[in-house]
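# Tertiary structure, described
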Amino acid sequence: PDRCKEEGIQGTVYVQFVVNKVGNVEDVKILRGVKGGAELEIAAIQAVRKLGKFKPAMQNGETVKCRMTVPIKFALQ
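In what follows, the accompanying structure is described. Source: prediction; values computed, not measured. (Residues numbered from 1 in each chain as written. Predicted model: local features only at pLDDT ≥ 70, side-chain atom pairs only at ≥ 80, totals over all residues. Heavy atoms only, no water.)

## Things to note about the overall build of the protein
For the record, the criterion: What counts as a helix is a DSSP run of H or I of at least four residues, what counts as a strand is a run of E of at least two, and both are numbered from the N terminus. The size measure is the radius of gyration over C-alpha atoms, and the globule rule it meets is 2.2 Å times the number of residues to the 0.38 power. Relative accessibility thresholds used throughout: buried, under 20% of the residue-type maximum; exposed, over 50%; partly exposed, between the two (1.4 Å probe, protein chains only). Working rule for contacts: check all heavy atoms of both residues, and any pair within 4.5 Å makes them a contact. Lys and Arg are tallied as positive, Asp and Glu as negative. Neither His nor the chain termini are counted. Charged side chains are reduced to one point each, which is NZ for Lys, CZ for Arg, CG for Asp and CD for Glu.
If you tally the helices and strands in the protein, you get two helices and five strands. Over its C-alpha trace the protein gives a radius of gyration of 15 Å, far above what one expects of a compact globule, namely 11 Å for 77 residues. Every one of the 77 residues in the protein was classed for burial, and the buried ones make up 22%. Sequence-distant contacts, at least 24 apart, represent 66% of the contacts inside the protein between residues at least 6 apart. Each charge class in the protein can be summarised by its mean position, and for the 13 positive and 8 negative side chains these summaries are 7 Å apart.

Here is the structure:
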């Protein structure tokens, strides 16, 4: 985001989400953000929501929901 570039805000945003039984992303939320970087958190949520379908998790031969946490690093170059 432009404001973050101007102010030199960078860092890692940790996003948690659920991959449901059919492989779609749902329940996206921020676990840990960057101080002063609300725009980075919004960008991270948008990026996770744009991810394509996942292969659903399997347990005992059945598809199940799976909670995932991913770090998204924002760095200025």
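## Brief notes about the side chain of Gln16
Going by this rule: Two N or O atoms count as a polar contact when they lie within 3.5 Å, although within protein this holds only if one can serve as hydrogen donor and the other as acceptor, and sequence-adjacent residues are included solely when both atoms are side-chain atoms.
The topology assignment puts Gln16 in strand E1 (residues 11-19). The exposure class assigned to Gln16 is buried, which follows from its relative accessible area of 12%. One polar contact links Gln16 to Thr69, side chain to side chain, over a distance of 3.5 Å. Setting aside residues no more than four positions away along its own chain, Gln16 makes contact with Asp27, Val28, Lys29, Leu31, Arg67, Met68 and Thr69.

## Brief notes about the pairing of strand E2 (residues 25-32)
The following threshold applies: What makes two strands pair is DSSP finding at least two bridges between them.
Bridging between E1 and E2 involves five bridges; their strand directions are antiparallel. Bridge pairing links Val15 to Ile30 in E2. Hairpin connection, E1 to E2: the antiparallel pair is bridged by five residues, and Gly23 has positive phi, about 100°.

Function cannot be read off these values alone, since they describe shape.
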